[in-house]
Structure formats: C-alpha cells, structure tokens
Amino acid sequence: MMNLFRILGDVSHLLAMILLLVKIWRSKSCRGISGKSQVLFALVFTTRYLDLFSNFISLYNTVMKVIFLLCSYVTVYMIYWKFWKSFDSENDTFRLEFLLVPVTGLSFLENYSFTPLEILWTFSIYLESVAILPQLFMISKTGEAETITTHYLFFLGLYRALYLANWIWRYHTENFYDQIAVVSGVVQTIFYCDFFYLYVTKGRCQGRAGGGIIPTGFPQNSPEINTSSASRSGRHVSSSGLQNKIREFEPKF
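In this text, all values refer to a predicted model and were calculated from it rather than measured experimentally. (Residues numbered from 1 in each chain as written. Predicted model: local features only at pLDDT ≥ 70, side-chain atom pairs only at ≥ 80, totals over all residues. Heavy atoms only, no water.)

**Overview of a nonpolar patch on the surface**
On the surface, Met2, Ile7, Val11 and Tyr60 cluster together to form a nonpolar patch covering roughly 320 Å² of accessible area. As for its placement among the helices and strands, Tyr60 is situated in helix α3 (residues 59–82). (Patch = residues over 30% accessible without salt bridge, like charges linked within 9 Å, V, L, I, M, F, W, Y side chains within 5 Å. Areas by Shrake-Rupley, 256 points an atom, 1.4 Å probe, with all protein chains shown as cover. Salt bridge = Lys/Arg side-chain N within 4 Å of Asp/Glu carboxyl O. Helix = DSSP H or I, 4+ residues; strand = E, 2+ residues; numbered from the N terminus.)

In structure tokens form, the structure reads like this:
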C-alpha cells in the first residue's frame with residue numbers, strides 16, 4: 001500500500017540517480033564517482049526486477065522499475081565507455097569479491113523460498129545494503145568529494161531513512177513485516193550515518209578558496225583540503241572524516 005513515506009522515499013531515490021547522471025553529463029566527467037558501486041546498483045536492479053514483464057502490480061510500479069533500470073545502466077555506460085578517460089580507476093579499488101561472495105552465500109542460506117527468482121530477489125536486497133561501500137571507500141581514500149556527489153549520497157541515505165519510516169508505518173497500519181528487507185535496510189542506513197553527520201556539520205561553508213568550497217571546521221589553508229582539485233572543479237568539499245569508516249525500490253508491494 002502506498003503512503004507518504006514510501007512516495008517520498010521513491011522520489012528521493014530517483015532524485016539521487018538523476019543528480020548523478022546530470023553531474024556526469026554536464027561536466028563530461030565521472031571523476032570522484034565509483035564505477036564499482038554503480039555496477040553493483042545495476043546488478044541490484046537487474047536481479048530484483050526479473051519479474052518486470054511477468055508480474056504486473058501497477059503502472060507506477062512498472063514505470064519506476066524501468067526508470068531505475070535505465071538510469072543505472074546509462075550511468076555505468078557513461079562511466080566505463082562515454083567518459084572513461086575521466087574515470088579514476090586508481091582510487092576505485094574496493095575488492096568486489098569481499099561483497100559478492102558473502103552476499104551470494106547469504107542469499108542461499110536466508111530466503112523465503114528456495115526458487116531462482118526468490119534467491120535472486122534476496123540477493124538484490126542483501127547486495128543493495130552494501131553496494132555503496134566502494135563509493136564511501138573511494139571518498140575515504142581520496143579525502144575529498146565533489147559537492148554534487150555528496151548530494152547524491154545524501155538523497156540515497158534519505159531514501160533509506162524514509163523507507164525505514166515506511167516499514168514502521170506499514171507494520172502499525174497493515175501488520176506488515178519483511179524481516180530480510182527491514183534488516184538489510186537498517187544495515188544500509190547505518191553506513192550512511194557518518195556521512196549524514198559530515199553532510200550536515202561540514203556542508204555549511206565559511207568561505208571559498210579558488211572556487212573550492214571550504215567546510216566549517218577547516219581553515220582555508222588547511223592541508224586537509226585538496227586546493228588543487230578544488231581549483232580545477234570548483235565543487236569539492238573535504239570528507240576526511242570518512243577515513244575512519246568503511247540503496248531499493250520496495251521489493252514487494
């Protein structure tokens with residue numbers, strides 16, 4: 001059943017994907033974006049929406065599935081083909097097998113039905129909860145993130161938080177509870193908590209240097225800020241606080 005939290009969560013998720021696509025297209029660059037995270041998200045949508053043409057739920061449901069699939073594949077195309085020269089492969093080094101192997105094993109062990117579609121659906125839920133880790137790892141490694149990338153991460157985190165509210169609402173109004181989706185959603189939201197803190201506390205600017213955005217708490221000549229990168233893009237913020245830390249359309253309607 002639709003409710004305000006669910007709708008706002010879908011809008012936030014869609015907005016995050018559109019922001020990322022617009023950023024890449026306008027700048028003709030995918031610098032600062034983890035291609036590995038985007039491949040994982042494309043895999044999430046692919047394995048989750050295998051019933052796209054066999055299980056019609058509503059026009060809204062079908063349209064959103066198609067949009068998410070298209071956006072994810074277009075993003076991967078732009079990163080690895082269209083603007084591949086700007087792709088920062090040297091810093092996008094997270095080992096995907098560290099995620100894919102345990103997620104695959106868990107999807108076989110913990111699922112609602114031992115059938116191919118159900119196992120793949122479960123796989124997509126588990127994988128989405130950790131798909132953002134390569135992006136967060138990349139930010140922690142470089143110590144910086146473009147402003148538009150932080151907005152993208154913020155709306156992804158907001159989407160997860162709104163879906164948690166949606167599940168709480170549905171539990172109280174419909175007695176609906178999906179343990180796999182809820183637990184995975186909580187895990188995914190936890191990964192965004194540190195980023196949320198940095199986004200709110202350091203996203204406020206106290207000045208600009210060479211077009212770069214200087215977050216609160218760092219002097220303008222601070223070594224924590226890569227001023228050469230800031231002067232090139234004019235849209236960078238420091239995210240060194242993430243160095244100590246190392247995204248679903250509702251699966252069933």
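**Points about the packing of helix α2 (residues 35–48) against helix α6 (residues 133–142)**
For the pair α2 and α6, interaxial distance at closest approach is 7 Å and the crossing angle is 170 degrees. Considered as vectors, α2 and α6 are oriented roughly antiparallel to each other. Here α2 contributes Lys36, Ser37 and Leu40 to the contact with α6, which in turn contributes Leu133, Pro134 and Gln135. Taken together, the residues of the contact of α2 with α6 sort by class into 3 nonpolar, 2 polar and 1 charged. (Axes fitted to C-alpha atoms, helices over the stretch in contact; angles between N-to-C directions. Parallel < 35°, antiparallel > 145°, perpendicular 65-115°, else oblique. Contact = heavy atoms within 4.5 Å. Nonpolar A, V, L, I, M, F, W, Y, C, P; charged D, E, K, R; others polar.)

**With respect to the pattern of salt bridges**
Using the criterion set out here, one finds 6 salt bridges in the structure. Between Arg6 and Asp10 there is a salt bridge, with its nearest N and O atoms 3.1 Å apart. Of this pair, Arg6 and Asp10 both sit in helix α1 (residues 4–27), separated by 4 residues, roughly a single helical turn. Each member of the pair, Arg6 as well as Asp10, carries the same accessibility label: buried. Here Glu174 ties to Arg170 by a salt bridge, and the two come within 3.2 Å at their closest N and O atoms. Here the residue Glu174 and the residue Arg170 both occupy positions in helix α7 (residues 147–174), the gap between them amounting to 4 residues, near one helical turn. Given a relative accessible area of 29%, Glu174 falls into the partly exposed group. One salt-bridge network, held together by shared partners, links Arg48, Glu128 and Arg160. (Buried < 20%, exposed > 50% of the residue type's maximum accessible area, 1.4 Å probe, protein only.)

**Thoughts on the environment of Phe87**
Turning to its location among the elements, Phe87 is positioned in the loop between α3 and α4 (97–109). For the pair Phe87 and Ile33, spaced 54 residues apart in sequence, the C-alpha separation works out to 7.7 Å. Those residues in contact with Phe87 that lie beyond four places of it in its chain are Cys30, Ile33, Gly35, Ile79, Tyr80 and Asp92.

That is the geometry; function is a separate question.
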